[in-house]
Amino acid sequence: MSAPRLPPLPSIRNILKIYRLNAVKRLSQNFLLDQNICDKIVRKAGNLANSHVLEVGPGPGGLTRSIMKQLPQRIVVVEKDQRFEPTLNMLADSFKVVNKPMDIIFDDIKRMRMENLFPKEKKMDWDGKSPEIFLIGNLPFSVSTHLIIEWLHAIAERRDAWAFGRTKMTLTFQKEVAERLIAPESSAQRCRLSVMAQAWTFPVLRFIIPGRNFVPKPDVDVGVVSFTPLVKPRTQHDFKFFEKITRHVFSFRQKHSVRCVETLFPLYCRKELALMMYKLADLNPDTKPTQLSVVDIDRLATAYKYLIEKHPELETYNYRSSRRVLPITKTQDVVVEDYTEM
């Protein structure tokens, strides 16, 4: 017997006309109408057969249709805009024809506990192969960077979708953001986002979608990026601690990176302690931020951790808080020792 087939459906363009659906600017909505491109995005996600797929922000359902064609075991779509209820219900009814469930959740993905969306039997060891769980989404530009940082944090702590193992993601971003995520050392696009993504995942820019393929047409092109969590992260530091060091390293991109690191310390001792960090990390203080690898920044983080263990009062210093009463004053000397061991 031949495999069951999905019933024919009206095109996304016709769906938008039938239900009089327009993109909402405040939600940064841009609909992808080319089904061939949707199919290509889903193919880049991997083999979805027998898997559980979470789609974030399905909108009228262009990507959802392409996911359905791969006949995963189950689809969960999370959509914030309830105007798409009739179109998503239509797709869910179509998926039932092939005896597959599609769960539709109208909520903000940022508020959801993703570990509640998948069955426990899908859990895999972190050191083994990735679980049969996939995250796919055509993300609004306004939330894409915030979401990927949140999800990288979840990967670092192995929670949410990553409580099941090294769950893979395939997501869309503004082209410039996509290029930053995969930017190597010495690249003009190298930034904090590059380091954070590459510390915990292997990000790959799959292809670029011209903006003309979206309705309404955005001012920029769109990049499709896949993320595979690393078996062994490139840092063992806490996510927020590592992010703090990385943020400071890239605070003045055109200057020597030691000048950026100086902002971790109070004015009266910053030059000495910043140079001490570089000595402990065995790095050249004249290196530009974009030239530092993830491993280099990890070494700087280790050096900083050592210094604040010696002088805990330094950890709360915030150079942006000009009116803040510092926990340490010049009369409370920080002894800049010749630290040779950590």
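Everything that follows concerns the structure shown earlier in this document.
Computed from a predicted structure; not experimentally measured.

What follows concerns the pattern of salt bridges. Two side chains that carry opposite charge are able to pair once their charged atoms sit near each other. Counted by the stated rule, this structure contains 18 salt bridges. With its nearest N and O atoms 2.8 Å apart, the salt bridge here joins E115 to R113. Take E115: its relative accessible area is 22%, and that puts it in the partly exposed class. Across the salt bridge formed by K175 and E179, the nearest N and O atoms sit 2.8 Å from each other. One end of the pair is K175 and the other is E179, both in helix α6 (residues 175-182) and four residues apart, which spans about a single turn. You can call K175 partly exposed: its relative accessible area is 25%. When salt bridges with common partners are traced through the structure, they connect K80, D108 and K110 into a single cluster.

This brings us to helix α2 (residues 35-45). For α2, the complete set of buried residues consists of I37, C38, D39, I41, V42 and A45. The secondary structure elements touched by the buried residues of α2 are β1 (31-32), α3 (62-69), β5 (133-137), β6 (168-174), β7 (201-209) and β9 (222-229). Its side-chain oxygen 2.9 Å from the backbone nitrogen of N36, D34 forms the N-cap of α2.

Each value, and the rule that gives it
Residues numbered from 1 in each chain as written. Predicted model: local features only at pLDDT ≥ 70, side-chain atom pairs only at ≥ 80, totals over all residues. Heavy atoms only, no water. Salt bridge = Lys/Arg side-chain N within 4 Å of Asp/Glu carboxyl O. Buried < 20%, exposed > 50% of the residue type's maximum accessible area, 1.4 Å probe, protein only. Helix = DSSP H or I, 4+ residues; strand = E, 2+ residues; numbered from the N terminus. Contact = heavy atoms within 4.5 Å. Polar contact = N/O pair within 3.5 Å; in protein donor to acceptor, adjacent residues only side chain to side chain.

Purely geometric stuff here, so don't read any function into it on its own.
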